[in-house]
Amino acid sequence: MGVTTVTDVRPAPAGASGGVLQTLFRTEQGGHEQVVLCQDRASGLKAVIAVHSTALGPALGGTRFHPYASEDEAVLDALNLSRGMSYKNALAGLEHGGGKAVIIGDPELIKTEELLLAYGRFVASLGGRYVTACDVGTYVADMDVIARTNRWTTGRSPENGGAGDSSVLTAYGVFQGMRASAQHLWGDPTLRGRRVGIAGVGKVGHHLVEHLLKDGAEVVITDVRAESVDRVLARHPQVTAVADTDALIRTEGLDVYAPCALGGALNDASVPALTAKVVCGAANNQLAHPGVEKDLSDRGILYAPDYVVNAGGVIQVADELHGFDFDRCRAKAAKIFDTTLSIFARAKADGIPPAAAADRIAEARMAEARRA
């Protein structure tokens, strides 16, 4: 259930059809309007831009900079993330379709001004069909550079006409999704007295910690980067840290699990070990495969669809295109609470998991736009 995840982009054997082209042209998981492979040998840039849909307007989604194990894995991520953005933007009520880009490589080793400028030129070559923003491995300062060669860039600094860090409202939206989950499951829209585990306290996760503590929650964290954990503990000594995600999901008395790092956090190994009754986090594509949500449901675990609750950031960067107003964006992000509740209600009425209900609502909006 949930946004379908593409699982096989392996190259086809010689003389056979399959792989990426098979996925794009002959499977439901594909359906992308455009996938662009970008290379600039001078700067070392290798990138993939995936435009899933422009039914609701120009595709909008961030640029991920990551040291993928292979080019195939990078294409896979771009396909999955861009498809998810179509659904996210539709449910957020935005006049944007879904797109996503990935840059292949370790940003700490190869990110240069020359590379970012080259990437900006590739995005600009699409003529506005794809609008980019920050994602894992890219930051506001990077968007300022990219904007020098591409006017379809959001997530820029206020000094350069942008809205700044979109992780602020991403975290706020996830918090609203948690409040809705608490309302649905426990009858009270608060996390007060609840134990919440956050996997990943980087750009989004550390803001989420702030919201939860103010609401009276007990917070447990982990992160692969020790410095991220240390930053939170220095500011909030009442927060507890555990060694890794495996320890976090097994934490006794955990009420909510919030995956806030990379995708695939909910899989055949992690779901049986979960002690939490709610999963609600900022990471994209949390379901490793379509059967995972049924496994969650069978265990009585409420799943708040990731692309619904983490939409605060895209709401912010979309607003930047029209003259950014933080209060207006915060008000829109607050509606994630109502949207999440409506999805839970639709799921109950239709007898389906929440992600399937969210998919139906998003697909109906996109289909209506195509007919118009």
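Located above this text is the structure these notes cover.
Since we're looking at a predicted model, the values are computed, not measured.

Undergrad: Can you explain helix α8 (residues 226-235)? Please cite residues and give values.
TA: Three or more residues of α8 are buried, namely Ser228, Val229 and Val232. The buried residues of α8 occupy an angular sector of 100° when projected down its axis, which confines them to one face. Check the buried side of α8 and you find it contacts α7 (205-214), β8 (218-222) and β9 (240-241).

Undergrad: Pulling in residues and values, what's your account of α7?
TA: Along α7, nine of the ten residues are buried, which leaves the element largely enclosed by surrounding structure. For α7, the complete set of buried residues consists of Gly205, His206, His207, Leu208, Val209, Glu210, His211, Leu212 and Leu213. The inward-facing, buried residues of α7 abut α6 (167-186), β7 (195-199), β8, α8 and β10 (256-259). Gly216 lies just past α7 and shows a positive phi near 95°.

Undergrad: Residues and numbers for the packing of aromatic side chains, please.
TA: Under the counting rule described, the total for this entry stands at two aromatic pairs. Considering the side-chain rings of Tyr87 and Tyr307, the 5.7 Å spacing of their centres and the 75° angle between planes classify their relative orientation as edge-to-face. Linking Tyr87 in helix α2 (residues 71-91) with Tyr307 in helix α11 (residues 306-309), this pair joins segments that are 220 residues apart in sequence. For Tyr307, a relative accessible area of 5% puts it in the buried group. Each ring, one from Phe324 and one from Phe326, has its centre 6.4 Å from the other, and the planes form 70°; the classification is edge-to-face. Lying across the ring of Trp186, Arg194 places its NZ or CZ 3.9 Å from the centre. Between the NZ or CZ atom of Lys203 and the centre of the ring of Tyr139, over which it lies, the distance is 4.6 Å.

Undergrad: A description of unusual backbone geometry should follow, citing residues and the corresponding values.
TA: A positive phi angle, close to 50°, is found at Asn285, a residue other than glycine. Mapping Asn285 onto the fold places it in the loop between β11 (278-279) and α10 (292-298). Classification of Asn285 as buried rests on a relative accessible area of 16%.

Undergrad: A description of the environment of Arg192 should follow, citing residues and the corresponding values.
TA: You can see Arg192 is positioned in the loop between α6 and β7. Other than its neighbours up to four places away in sequence, Arg192 contacts Lys214, Asp215, Gly216 and Ala217.

Undergrad: How would you explain the sheet that holds β11 if you had to name every residue and give the values?
TA: Pairing in this open sheet of six strands is parallel, and the strands run β9-β8-β7-β10-β11-β12 from one edge to the other. With partners counted over all chains shown, the strands left at the sheet margins are β9 and β12 (302-303), one partner each. As paired strands, β11 and β12 are joined by two bridges and run parallel to one another. Following the sheet pairing, Val279 is matched in β12 by Tyr303.

Undergrad: Which residues make up the pattern of salt bridges, and what are the values?
TA: Inspection of every chain in the model, using the stated rule, returns 19 salt bridges. The residue Glu33 makes a salt bridge to Arg129 at a minimum N-O spacing of 3.0 Å. In this pair, Glu33 sits in the loop between α1 (19-26) and β1 (34-40) while Arg129 sits in the loop between α4 (113-124) and β6 (130-131), placing the two residues 96 residues apart along the sequence. Residue classification places Glu33 among the partly exposed positions, given a relative accessible area of 39%. The salt bridge involving Glu113 is made with Arg148; its shortest N-O contact spans 3.3 Å. Taken together, the residues span a long stretch of sequence, with Glu113 in helix α4 and Arg148 in the loop between α5 (140-146) and α6 at a distance of 35 residues. By sharing partners, the salt bridges in this structure join Arg64, Asp77, Lys100 and Asp135 into a single network.

The rules behind each value
- Residues numbered from 1 in each chain as written.
- Predicted model: local features only at pLDDT ≥ 70, side-chain atom pairs only at ≥ 80, totals over all residues.
- Heavy atoms only, no water.
- Buried < 20%, exposed > 50% of the residue type's maximum accessible area, 1.4 Å probe, protein only.
- Helix = DSSP H or I, 4+ residues; strand = E, 2+ residues; numbered from the N terminus.
- Arc of directions from axis to C-beta.
- Contact = heavy atoms within 4.5 Å.
- Phe/Tyr/Trp six-rings, centres within 6.5 Å; stacked < 30°, edge-to-face > 60°.
- Lys NZ or Arg CZ within 6 Å of the ring centre and 35° of its normal.
- Pairing = 2+ DSSP bridges.
- Salt bridge = Lys/Arg side-chain N within 4 Å of Asp/Glu carboxyl O.

Note that all results are geometric; they support no functional claim without further evidence.
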